[in-house]
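Understanding the architecture of this molecule
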Amino acid sequence: MRYIMDPAHRATFNKSGNIKLGNTWNFSTVYGNDVHTVDFNGETLTARGTCGKYCKGCKSACYVRKSYRYPSVIYSHIKNTLAIRHNTAAAFNDLTAAIVNARKKPEIIRINQSGEIETAEIFRKWCEMARRFKNIKFWLYTKAYNLVTPEILAGNVPENMTILFSIWHEYGVKEYRKVSHFNNIKAFVYDDNNFDYKAAGVEIQTYCNAYTMQAGKMTLNHNITCDKCKKCFNRAAGCKVIGSLPH
């Protein structure tokens, strides 16, 4: 069935951030690869997750899952998914307009706080946006190596966009090493202490300090937010490969 664009289903940034991101604009789509349905504000929306085949391995531990206890979150993610999936050009026109019309421009934008890059067209649109707004730092984590690698190798990813290859045990190691020589390519490594990354050729240099173990329980440090930390999108040599504890 062909999707008819509902004017209410416009692609939008979350401009308020959250306790992990801090004061950071971000964009989200539906996580995982299951179908989600929500009844919110008298409307029923349905969409399958955007992670597709890339969901293998991390679905059960995905941090986004916890937030889906709030219908408003599901609604926002489905609305963005429908917009960007079915009318990509219009969705990016809306997102671009949001930046142009903002009185205070964002300094950083997190792409896909939830969800994944679904098509090469969508990724190229993000790159176009970053090229247009050179003073904004864009960053995203991805397992869609097959979609982003050709654009990286072709030199189509602007310097102000940082791509972090999400690595989960052996998954993603060889793909990251293929493009690791690029200054704006990093690795974000899931470290559950059950895989020898150094032996595999990817050595963790630093960790995301937002999550720490305290008394055997994973704890989120609210004082460390992405807008303050900057490890994931800076160009420091010691922040090329970033580890993350399970959370």
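Presented here is a report on the structure given in the accompanying data block. (Residues numbered from 1 in each chain as written. Predicted model: local features only at pLDDT ≥ 70, side-chain atom pairs only at ≥ 80, totals over all residues. Heavy atoms only, no water.)

Points about the overall build of the protein
Counting its secondary structure elements, the protein contains seven helices and eleven strands. Considering only C-alpha atoms, the protein reaches an extent of 50 × 40 × 35 Å along its principal axes. A burial count over the protein gives 49% of its 247 residues as buried. Across the protein, contacts joining residues at least 24 apart in sequence account for 71% of those joining residues at least 6 apart. Put simply, the protein has 35 plus and 19 minus side-chain charges, and the middle of one group is 4 Å from the middle of the other. (Helix = DSSP H or I, 4+ residues; strand = E, 2+ residues; numbered from the N terminus. Buried < 20%, exposed > 50% of the residue type's maximum accessible area, 1.4 Å probe, protein only. Contact = heavy atoms within 4.5 Å. Lys, Arg positive; Asp, Glu negative; His and termini not counted. Charge placed at Lys NZ, Arg CZ, Asp CG, Glu CD.)

Remarks on the environment of Ala11
Among the secondary structure elements, Ala11 is positioned in the segment before strand S1 (25-28). By relative accessible area, Ala11 is classed as buried at 5%. Sequence separation between Ala11 and Thr81 is 70 residues, and the spatial gap between their C-alpha atoms is 8.0 Å. Non-local contacts of Ala11, meaning those with residues more than four positions away in its chain, are made with Phe27, Asn80, Ala83, Ala91, Asp94 and Leu95.

Details of the nonpolar core
For soluble globular proteins, the rule of thumb is that nonpolar side chains tend to be buried together. Ranked by size, the top nonpolar core spans 48 residues in total, and within it Phe13, Phe123, Trp126, Met129, Phe138, Met161 and Phe165 carry the most contacts. Of all the elements, helix H3 (residues 120-132) adds the most residues to this core, at six residues. When neighbours within four sequence positions are excluded, Phe138 is seen to be in contact with Ile109, Ile111, Met129, Ala130, Phe133, Asn160, Met161 and Thr162. Residues Ile108, Tyr141, Ala210 and Cys232 belong to the second largest nonpolar core, which totals 13 residues. (Core = buried A, V, L, I, M, F, W, Y, C linked by side-chain atoms within 4.5 Å.)

Side note on the sheet that holds strand S7 (residues 185-190)
Taken in spatial order, the seven strands line up as S1-S4-S5-S6-S7-S11-S8 in an open sheet, and their pairing is parallel. Either end of the sheet is taken by a strand with one partner, and the two such strands are S1 and strand S8 (206-207). Of the strands in this sheet, S1 and strand S4 (108-114) touch helix H1 (residues 71-86), which is tilted by about 75 degrees from S1. Each of S1, S4, strand S5 (137-142) and strand S6 (161-168) touches H3; the most contacted strand, S6, lies at about 140 degrees to it. (Pairing = 2+ DSSP bridges. Axes fitted to C-alpha atoms, helices over the stretch in contact; angles between N-to-C directions.)

With respect to unusual backbone geometry
Positive phi, normally seen in glycine, also occurs at His169, with a value near 55 degrees. For His169, the location among the structural elements is in the loop between S6 and helix H5 (173-179). For His169, a relative accessible area of 18% corresponds to the buried category. For Lys230, which is not glycine, the phi dihedral falls at a positive 70 degrees. Topologically, Lys230 is positioned in the loop between helix H7 (226-229) and strand S11 (241-244). With a relative accessible area of 39%, Lys230 lands in the partly exposed category.

With respect to empty space enclosed by the protein
All chains considered together, the criterion is met by one cavity of 30 Å³ or more. Lining of the largest cavity is provided by Phe27, Thr29, Thr50, Ile84, Asn112, Glu116, Ile117, Glu118 and Ile122. When the residues that make up the lining of the largest cavity are grouped by side-chain class, the tally is four nonpolar, three polar and two charged. (1 Å grid on protein atoms, 1.4 Å probe; cavity = no way out; pocket = protein on both sides within 12 Å on 5 of 7 lines; lining within 4 Å. Points joined across faces, edges and corners; volume = space filled by probe spheres on them. Nonpolar A, V, L, I, M, F, W, Y, C, P; charged D, E, K, R; others polar.)

Description of the pairing of S7
With six of six residues buried, S7 lies mostly within the body of the structure. The alternating pattern of S7 places Ile185, Ala187 and Val189 on one face and Lys186, Phe188 and Tyr190 on the opposite face, and all of these are buried. Taken together, the six bridges between S6 and S7 define a ladder with parallel strand orientation. For Ser166, the partnering residue across the bridge sits in S7 and is Phe188. In this region the chain leaves S6, passes through H5 and returns to the parallel neighbour S7; the handedness of that crossover is right-handed. (Right-handed = clockwise from strand over helix to strand, strands pointing away.)

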